[in-house]
Amino acid sequence: MSKKHLDKVISLCKRKGFVFPNSEIYGGLKASYDYGPLGVDLKKSISEKWWEEMTRHSNIVGLDSSIMVHPDVWEASGHVANFNDPMTDNKDNKKRYRVDDLLSQQKTKVIDDLCRQMSIQNNNDSDTLDRISTILLTQSDKFSNALESAGVIDPFSGNIGKWTAATQFNLMFKTNAGPSEKTGKSIYLRPETAQGIYINYLLVQNSMRLKVPFGIAQIGKAFRNEIVARNFIFRTREFEQMEMQYFVHPSEDEQSMSFWKEKRIDFYTSELGISQDNLKFHQHSEDALAHYAKDAFDIEYNFPFGWGEVEGIHNRTDFDLKEHEKLSGKNMMYFDQVKNEKYHPFIIETSTGLNRLFLMVLCEAYFEDEVNKRTVLKLPFDLAPNKAVICPLLKKDGLPEKAQNIFGMVNSEHKCLYDEQGSIGKRYYRQDEAGTAFGITIDHETLENDTVTIRERDSMKQQRVSCDKILQFISDNKI
Ligand code: GAP
């Protein structure tokens, strides 16, 4: 996939009502997007697939916790102290960059130079960039001039920047609860949904009489004040996470991690129609692990701008539960009545971003059919916002009335559209771009023998089908 592929997907998103730039009439708000009519349906279908995938396990239950929680939650979780990105400013033009992002835009010889200065090996991967960022931050006195002396270019100006020493930038959005800024408490918008699960885990366990191992799944908004937000909806400041926290006995963490790695990658190929070749695992090196993790794997997708993380699978150990216990003073241990054993379960987390999955699904589905001069969104049937378009060939001779009847019948089973505007070819092509799986045309022959033409989106194959067999045809032929 080329970079152009992304531009084409972005343009289609706006044209067809999947995603719009936010606040466009005011010039837009950077890295903020609104989901249009087709986008809402697609997003909902992806999240429903995820929810079903998780909650079909009888030991996984749901939760919907608040976006705003007691500020101590973020102290205990380590986010106040550690949820930082290293950043640097170019003193010449005041442009600010996340260090790893700036490094990812440099030539190899620049990275080689930095690695030489720091006596580390350049493995030509993102872990090397993370390692350099960490060293720049933790040894900022020693390496305050390292970026400049290595010749790090400012992507905005194209010149070598006059870089400040790397500093921490906390990614949490801080706001105020209560009517007065002076008396109100500072609170944070959650940067992950996970903590809402941890602080409720014993309430959930008790109320549902769950036994370890069990999981709690949640879908909800998360917020991060990203320094660099780009690549359309890939990295935004407001996004939706779908997280499942699986509570296991400490001796079973590695086995559970392997189980979930396999399950999660299967989900992408079997439920979201992603080709295996466009997916891979990336294991975090020890010094690139998040503050809470013992082991971590990303599932990456081959986006038009390169491989990018869509999901993290983390072994968070008992870190979070123990930290909450320390700060709240409340016992966070699970009691196994059968074994008469008390312990802090380990947590295996699967954490994905709904907006990233949405972008992944669109990038995978977007197809330019050179032979037939059309653009097609080859979405799996279950994800297509509309399953069929119902078209009377002409707006007369009783065809619209018959088409409305058929619309009512098909729409009661599958969401569909009614379209009588323009030539039939144009109507089909309009819907190909929107991912609509089938075109159903009502013509004069329909009035004679009660049959319609059904056209399949990807193959463009057309078949004559009896009206009473339309639903059967769809269920037999859906992709
Ligand atoms: N609870 C663990 C956690 O939040 P993470 O790797 O920071 O882990 C998990 O985030 C997932 O959330 C990512 O794999 C990505 O899909 C999504 N995500 C994170 N930051 C995002 C952002 N700024 N915009 C869109 N999605 C984001």
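J.: Just to check I follow, could you spell out the pairing of strand β23 (residues 462–466) for this structure?
T.: In summary, the side chains of a regular strand alternate between the two faces of the sheet. As paired strands, strand β22 (residues 451–456) and β23 are joined by five bridges and run antiparallel to one another. The residue of β23 that forms the bridge with V452 is V465. From the end of β22 to the start of β23, which pair antiparallel, there are five residues, and M460 there has a positive phi angle of about 65°.

J.: Is there a simple way to explain unusual backbone geometry in this structure?
T.: Cis peptide bonds are those with omega within 30 degrees of zero, and the linkage from V212 to P213 qualifies with 5°. Among the structural elements, P213 can be located in the loop between α9 (194–208) and β9 (214–223). A positive phi angle is found at S23, which is not glycine, with a value near 55°. Note on placement: S23 falls in the loop between β1 (19–21) and β2 (33–35). According to the relative accessible area criterion, S23 is partly exposed, its value standing at 31%. Of note in the backbone geometry, M460 takes a positive phi value of approximately 65° without being a glycine.

J.: Is there a simple way to think about the site of the ligand in this case?
T.: In the region of the ligand, 21 residues are neighbours, and E192, E226, E243, E309 and E349 sit closest. Within the contact set of the ligand, a nitrogen atom lies 2.6 Å away from a side-chain nitrogen or oxygen of E192. R316 has a polar side-chain atom sitting 3.4 Å from a nitrogen atom of the ligand. In isolation the ligand has 560 Å² of accessible area, and contact with the protein removes 93% of it. Looking at the shell around the ligand, the elements with two or more residues in it are β10 (238–248), β13 (306–315) and β16 (346–353). Among the elements that make up the shell around the ligand, the one with the highest residue count is β13 (five residues). Here the shell around the ligand is built from residues that sort into four nonpolar, seven polar and 10 charged.

J.: I'm lost on the environment of Q121 in this one. Help?
T.: Following the sequence through the fold, Q121 ends up in the loop between α6 (108–118) and α7 (126–138). Remark: the alpha-carbon pair of Q121 and R131, spanning 10 residues in sequence, is separated by 9.9 Å. Apart from the residues within four sequence positions on either side, Q121 is in contact with C115 and T128.

J.: How should the packing of aromatic side chains be read in this particular structure?
T.: We describe a pair of aromatic rings using the distance from one ring centre to the other and the angle between the two ring planes. Overall, the coordinates contain 19 aromatic pairs when judged by the stated rule. An angle of 85° between the planes, with centres 5.0 Å apart, marks the rings of F259 and W260 as edge-to-face. An aromatic cluster of three or more residues is present, and its members are F234, Y301, F303 and F305. For R316, the ring lying beneath its charged end belongs to Y292, and the centroid distance is 3.5 Å. Positioned above the aromatic ring of F367 is the side chain of K378, whose terminal nitrogen or guanidinium carbon lies 4.1 Å from the ring centre.

J.: It is not clear to me how helix α10 (residues 253–270) should be interpreted in this structure. Could you clarify?
T.: In an α-helix, one full turn covers 3.6 residues, which means residues spaced three or four apart are oriented alike. Between its first and last C-alpha atoms α10 spans 26 Å; for 18 residues at 1.5 Å apiece the expected length is 26 Å, and the two agree. Among all positions in α10, only D253, S256, M257, W260, K261, R264, I265, F267 and Y268 are buried. The arc that holds every buried residue of α10, seen down its axis, measures 155°, which confines them to one face. Opposite the buried face of α10, by more than 90 degrees, sit the exposed residues Q255, E262 and S270.

J.: For this particular structure, what's the right way to read the domain arrangement of the chain?
T.: One widely used convention gives an interface's size as the accessible area the parts lose upon coming together. For the chain, the assigned domains read domain 1 (3–71 + 186–365), domain 2 (84–170) and domain 3 (386–477). Each of domain 1 and domain 3 has a C-alpha centre, and these two points are 38 Å apart. Listed per partner, the contact involves six residues of domain 1 and five residues of domain 3. Taken over both partners, the interface formed by domain 1 and domain 3 buries close to 460 Å², and the fraction arising from carbon and sulfur atoms is 43%. The largest share of the area that domain 1 buries against domain 3 comes from K16, L38 and D41, three residues that together contribute 67% of it. The interface formed by domain 1 and domain 3 holds three salt bridges in total. The closest approach of N and O atoms between K16 and E433, which form a salt bridge, is 3.7 Å. Our count for the domain 1 to domain 3 interface comes out at three residue pairs in polar contact (both at pLDDT 80 or more). For the side of domain 1 that touches domain 3, the secondary-structure elements that each account for two or more residues are α1 (3–16) and α2 (37–55). Per-class residue counts for the side of domain 1 that touches domain 3 are three nonpolar, no polar and three charged.

The rules behind each value
Residues numbered from 1 in each chain as written. Predicted model: local features only at pLDDT ≥ 70, side-chain atom pairs only at ≥ 80, totals over all residues. Heavy atoms only, no water. Pairing = 2+ DSSP bridges. Helix = DSSP H or I, 4+ residues; strand = E, 2+ residues; numbered from the N terminus. Buried < 20%, exposed > 50% of the residue type's maximum accessible area, 1.4 Å probe, protein only. Near = heavy atom within 4 Å. Polar contact = N/O pair within 3.5 Å; in protein donor to acceptor, adjacent residues only side chain to side chain. Areas by Shrake-Rupley, 256 points an atom, 1.4 Å probe, with all protein chains shown as cover. Nonpolar A, V, L, I, M, F, W, Y, C, P; charged D, E, K, R; others polar. Contact = heavy atoms within 4.5 Å. Phe/Tyr/Trp six-rings, centres within 6.5 Å; stacked < 30°, edge-to-face > 60°. Lys NZ or Arg CZ within 6 Å of the ring centre and 35° of its normal. Expected span 1.5 Å × (residues − 1). Arc of directions from axis to C-beta. Domains from an automatic or database assignment. Buried area = accessible area lost by both parts, 1.4 Å probe. Salt bridge = Lys/Arg side-chain N within 4 Å of Asp/Glu carboxyl O.

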